[in-house]
Amino acid sequence: MSNSASVIFQERKDQILRKGQDAFDMSCNRESLAGAVSQRACVFCGSRVVLYPIADALHLVHGPIGCAAYTWDIRGALSSGPDLHRLSFSTDLQEKDIIFGGEEKLYRALTELIDRHHPKAAFVYSTCIVGIIGDDLEAVCRKVASEKEIPVLPVQSEGFKGNKREGYGAACKAMFRLMGSGDTEDISPLSLNILGDFNLAGEIWIIRKYFDRMGIQTVANITGDGRVEDLGRAHGAALNVVQCSGATMELAKMMKESFGTPFLRVSYFGVEDMAESLYQIARFFEPKDPGIMERTRELVKTELSVLYPQLQEYRRELTGKKAAIYVGGAFKAFSLVKAFRLLGMKVVLVGSQTGTEEDYKELYEITDEGTIIVDDSNPLELSSFLKEKDVDVFVGGVKERPIAYKLGVGFCDHNHERKQPLEGFIGMLNFAREIHSSVMSPVWRFVPRRKAR
Amino acid sequence: MKRADYVSTTNACKLCKPLGACLAFRGIEGAVPMLHGSQGCATYMRRYIISHFREPMDIASSSLGEKHAVYGGGANLKQGIRNVMTKFGAGMIGVATTCLTETIGDDVPMILREFRKEMEQAGEATGLPPLVSVSTPSYSGTHMEGFHTAVRAVVDQLCTGDFPYEESAEKFVNLMPGFLSPADLRHLKEIVADFGLGCVMLPDISETLDGPALEDYEKIPAGGTPISGIKRMGSGVATLEFGHTLEGSSTAGMILHERFGVPLHQSGTPIGLRETDAFFKALELASGIKTPEKHALEKGRLVDAYVDGHKYLFGKRAVVYGEEDLVIGLTAFLAEIGIKPVLCASGGNSGRLRGCIQRVTAGLLEPPPIVAEGADFRKIEELCEEVSPDLLVGHSKGYSLSTKLGVPLVRVGFPIHDRFGGHRTLHVGYRGAQMLLDRIVNAILEKAQKESPIGYGYM
């Protein structure tokens, strides 16, 4: 099939690449094309998803009702204690607020909610309209912070001021303001902060247990099952481990600059990346604790001895099946490519909403010949790729699900709505089980596109 | 007890205006909903709608960035429309504004006029699909106002009478159902057809948001109200418009009445016996024939079931929440079966809910229920402490409240994000009332059975 067959929007031609056919030259991090039905969200969305799991903070969305309504209890980001994050707070701006300004309403709403819920801190998200009417969020937050004696942090997340990536940045800036305030005395020299994990389906608890077994103290979860007080003392940790680099890399960089905290990029998806991440961390701490490498090897060995026999069962049936991946951040895609390989499957399409050139270069290197790599795609393109490559299973989020299902293709939700942990060694098993149960379901025999084969 | 109103909103019982407009546009054949605003709005609404219907829901966006917010989003809107036209092959594009573009002052009707002129000058005007614009700033009204405003805009902008259309001998009614489930709309079409009438139902999401498995991914799902049908609405024998809160306001049906003299029959959403009777009466009037036997039988079976179930239900206290007209219909129904609606709440704030509730429960319900307009779930929860309900009737966002109260939630309306097949829920007609009745009785029986230590095998 010629390259042009799947070029639907000429303007987006250089955001699509076919390995083997094209040399690496890819455009990304652009504004979405109007009318293309991008799968992307906005700046606000980026900030909201990153900060959302901080469970003892108040999250107040300053704007009309939509932004708060669509993000009410949106992710399965679990908390082991408070769950204030699962409520949806809004100033629900009305016409008169737009005309006369929303600062007064914001002040009163914040005061009311802080008195009612006694949060450890408050995040105030600005939405598109706040950027236009020019409310001084900073001033209102400062006033309430001094009156209520808790940190009240503005999040500059006006939707139109970029894409999700800028939202991650705004969230990092807001979190950074909490850092350096807490007591760090009891923190072990073998300690770290977990960045870029959101505790979907309890995943961060799995990872923390691995660190416990390695003898490492986890200081702050950033942000899954997160706490304000932990963020305040995060600067006392010896290391930051950063997953989902798009979301929290900026925070890691800020912490390195201000507190000298080094960071490592890690991933907890798939056997290879999970094990390598633990080894990387062990290598980092080895000078302080020479026994750590042995403990880590033991851990990986124990986990794999349970996992591998079970994975083999799935692999037998999945070998040769074709997979497509379209996710928010490209970093997750790296691990998924490897995880599918472990299952004997072939990744034929991989893309992301907000990948960088660096990310796509890496994808280009790790994928097989013929794989389609795409940035900021849309339903028309994705559906044409799925058909062209005759995909067996598609990994994405809720918005991608109906594209797969209408075409009679299996689907795995690797995003907010997952209820099974997909991280860690156990996560790989869950992932394999889910892929298997979707690919092997008998229902595909009855869907028109496949029945015709 | 009168409580002070809160300034903040917690767990809203409403959605924003453009979402309603997008849903309405999705119910028109070949139409692509498009939001003039930043990219996030479209994506959030898609996700929200997809989670309920489990169907594709493409909403285009003009994807405005920072510079457009300063200099205006006209160029992006035009580019977006061009892409939607050429790549989706749209038969209509419904452009809804957002709070961003309303506030920066983009004049969408003017931008669309310019666009048409540019296309004409370029000789590309042939095949230009109808472009309908609607103003939906999310800071005024809920998704239901957005929905009705969009329906009104479609009629206002397409039923101008200057389109040549074929006079058909077929006698047809215009039906404005409001926001109901695909199952509801299919049932309504069946009923109208059984009266021997044609029907232009606007909008019609019965296929576009509940489609079959197909060979290919449809760029635009099949189904929806045909544009040709909309253009001839002026020659309908009557317009039936559901929603008590709309009565007397400037609706799509009112435009058809004023512009073409189409008799307008406004009634409640036909949920329960009496509201459905009113709908059938209107159809008898429009068609000149009596209610067909099939439906008379369904009604008879419904009344029979009312009797069979009455003991389980009498005096049970229900809290009903959701969109205003749905709440009104459900309350009318619950009062008929002996349930006592004790609280009727909506995030909507038309100012009409209280009066409508009184009207539909007159003679059946004393004292009248507490009516909470413009309520959020915080308020509903607080009022629940006063009214101690036995069950909740509403969409799935009341789930956490129902577990907190330890009472069953009968899921109706939109959204249903935590159950399968929510979009296939039937609410309207005698058949819909029958299904609701069965579900409510069973919810109550299930709770009683579970809570009894005896383990009754007969309930």
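Residues numbered from 1 in each chain as written. Chains lettered and ligands numbered in written order. Predicted model: local features only at pLDDT ≥ 70, side-chain atom pairs only at ≥ 80, totals over all residues.

### Some thoughts on the sheet that holds strand β14 (residues 409–411) of chain B
Residues and elements named next belong to chain B.
Phase 1: With respect to topology, 5 strands assemble into an open sheet ordered β12-β11-β10-β13-β14, the strand pairing being parallel. Across the chains shown, the open sheet's two edge strands, defined by having one partner strand only, are β12 (370–372) and β14. Direction aside, neighbouring strands of the sheet carry axes that sit 20 degrees apart on average.
Phase 2: As paired strands, strand β11 (residues 340–345) and β12 are joined by 3 bridges and run parallel to one another. When the sheet's bridge partners are listed, Cys344 is paired in β12 with Val371.
Phase 3: Packing of helix α13 (residues 324–336) onto the sheet brings it into contact with β10 (317–321), β11 and β13 (391–394), and relative to β10 it is tilted by some 165 degrees. (Pairing = 2+ DSSP bridges. Helix = DSSP H or I, 4+ residues; strand = E, 2+ residues; numbered from the N terminus. Axes fitted to C-alpha atoms, helices over the stretch in contact; angles between N-to-C directions. Contact = placed C-beta atoms within 7 Å.)

### Some details on the domain arrangement of chain B
Residues and elements named next belong to chain B.
Phase 1: Assigned domains within chain B: domain 1 (17–158), domain 2 (172–287) and domain 3 (307–451).
Phase 2: Distance between the C-alpha centres of domain 1 and domain 2: 23 Å.
Phase 3: Contacts between domain 1 and domain 2 engage 28 residues on the former and 26 residues on the latter.
Phase 4: Secondary-structure elements contributing two or more residues to the side of domain 1 that touches domain 2 are α1 (17–26), β2 (31–36) and α7 (143–158).
Phase 5: Ranked by residues supplied to the side of domain 1 that touches domain 2, first place goes to α7 with 9 residues. (Domains from an automatic or database assignment.)

### A few points about the interface of chain B and chain A
Phase 1: Across the contact, 54 residues belong to chain B and 59 residues belong to chain A.
Phase 2: Of all the elements in the fold, those that place two or more residues in the side of chain B that touches chain A are β1 (9–10), α2 (39–53), β3 (60–61), α3 (66–71), α4 (74–88) and α5 (99–104) of chain B.
Phase 3: If one sorts the elements of the side of chain B that touches chain A by residue count, α2(B) sits on top with 10 residues.
Phase 4: Grouping the constituent residues of the side of chain B that touches chain A by class yields 23 nonpolar, 20 polar and 11 charged.
Phase 5: As judged from the 2 bridges shared by strand β3 (residues 89–90) of chain A and β1(B), these two strands associate in the antiparallel manner. (Nonpolar A, V, L, I, M, F, W, Y, C, P; charged D, E, K, R; others polar.)

### Overview of the nonpolar core
Phase 1: Grouped together as the largest cluster of nonpolar side chains are 288 residues, with contacts concentrated most on A:Ala122, A:Val124 and A:Ile325.
Phase 2: For A:Ile325, the residues in contact, after removing those within four places along its chain, are A:Ala333, A:Leu336, A:Val347, A:Leu349, A:Val350 and A:Val395. (Core = buried A, V, L, I, M, F, W, Y, C linked by C-beta atoms within 7 Å. Buried ≥ 20, exposed ≤ 12 C-beta atoms within 10 Å, placed from the backbone.)

### Focus on the confidence of the model for chain B
Phase 1: The predicted model of chain B has a mean per-residue pLDDT of 95, with 97% of residues at 70 or higher.
Phase 2: Across the whole predicted complex the pTM is 0.96, and at the interface the ipTM reaches 0.95. (pLDDT = per-residue confidence, 0-100.)

### Examining the pairing of strand β11 (residues 346–352) of chain A
All names here are of chain A.
Phase 1: β11 sits mainly inside the fold: 6 of its 7 residues count as buried.
Phase 2: For strand β10 (residues 322–327) and β11, the ladder comprises 6 bridges, and the chain directions are parallel. The residue of β11 that forms the bridge with Ala323 is Val347.
Phase 3: In this region the chain leaves β10, passes through helix α13 (residues 330–342) and returns to the parallel neighbour β11; the handedness of that crossover is right-handed.
Phase 4: Taken together, the 4 bridges between β11 and strand β12 (residues 372–375) define a ladder with parallel strand orientation. Within the sheet, the bridge partner assigned to Leu349 lies in β12 and is Ile372.
Phase 5: The handedness of the β11 to β12 crossover, carried by helix α14 (residues 357–366), is right-handed. (Right-handed = clockwise from strand over helix to strand, strands pointing away.)

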